[in-house]
Amino acid sequence: MKRELGSLERALVVSGRYAPFHSVYILQLESPPPSQIIGKALKFLQKRHPFLRARLLPENGKYYFASLVDPVLPFRVLPRWNDTHWVKVAEMELQAQS
């Protein structure tokens, strides 16, 4: 799949340059399933939703949605060091995405 962005999508790209919107989600589960199961569930969602398998591709001054051949959703399991460790992790993730 490769398609040019519509006018609203282009406006979001332009506004994203000056005020980016990124999300970082941190979960604390009391009885978590194995990380492999969560990874498989994310992969399943990605197969069902095309935008989770695509990226923005700049080309000749225009932007396109382009399908990824082997998309990977970033997912990591980290040990908890203390009660506020998640704040530092969220800050680091947001800095890495900008």
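Computed from a predicted structure; not experimentally measured. (Residues numbered from 1 in each chain as written. Predicted model: local features only at pLDDT ≥ 70, side-chain atom pairs only at ≥ 80, totals over all residues. Heavy atoms only, no water.)

Trainee: Just to check I follow, could you spell out the pairing of strand β3 (residues 62–67) for this structure?
Mentor: Regular strands place side chains that alternate from one sheet face to the opposite one. Pairing between strand β1 (residues 2–4) and β3: 3 bridges, direction antiparallel. What sits directly across from Arg3, in β3, is Phe65. The hairpin formed by strand β2 (residues 54–59) and β3 contains 2 residues between the paired strands, and Asn60 there has a positive phi angle of roughly 55°. (Pairing = 2+ DSSP bridges. Helix = DSSP H or I, 4+ residues; strand = E, 2+ residues; numbered from the N terminus.)

Trainee: Please explain the environment of Gly61 as it appears in this structure.
Mentor: Counting through the fold element by element, Gly61 comes out in the loop between β2 and β3. Assessed through its relative accessible area of 81%, Gly61 is described here as exposed. Linking Gly61 and Tyr18, residues 43 residues apart in sequence, is a C-alpha distance of 18 Å. (Buried < 20%, exposed > 50% of the residue type's maximum accessible area, 1.4 Å probe, protein only.)

Trainee: What is the right way to read unusual backbone geometry from this model?
Mentor: Glycine aside, residues mostly have negative phi, and peptide bonds are mostly found in the trans state. Its identity as a non-glycine residue notwithstanding, Asn60 has a phi of 55°, on the positive side. With respect to the helices and strands, Asn60 occurs in the loop between β2 and β3. The exposure class of Asn60 is exposed, given its relative accessible area of 76%.

Trainee: Would you mind showing me how to read the sheet that holds β3 here?
Mentor: Each strand in a sheet pairs with its neighbour through backbone hydrogen bonds, running either in the same direction (parallel) or in the opposite one (antiparallel). Ordered by their spatial adjacency, 3 strands build an open sheet running β1-β3-β2, and the pairing between neighbours is antiparallel. If you trace the sheet from one side to the other, it starts and ends with β1 and β2, each paired once. In this sheet, neighbouring strand axes are inclined to one another by 30° on average, regardless of whether the strands run parallel or antiparallel. Pairing of β2 with β3, which is carried by 6 bridges, proceeds in the antiparallel orientation. Residue pairing in the sheet places Leu57 in a bridge with Tyr64 of β3. (Axes fitted to C-alpha atoms, helices over the stretch in contact; angles between N-to-C directions.)

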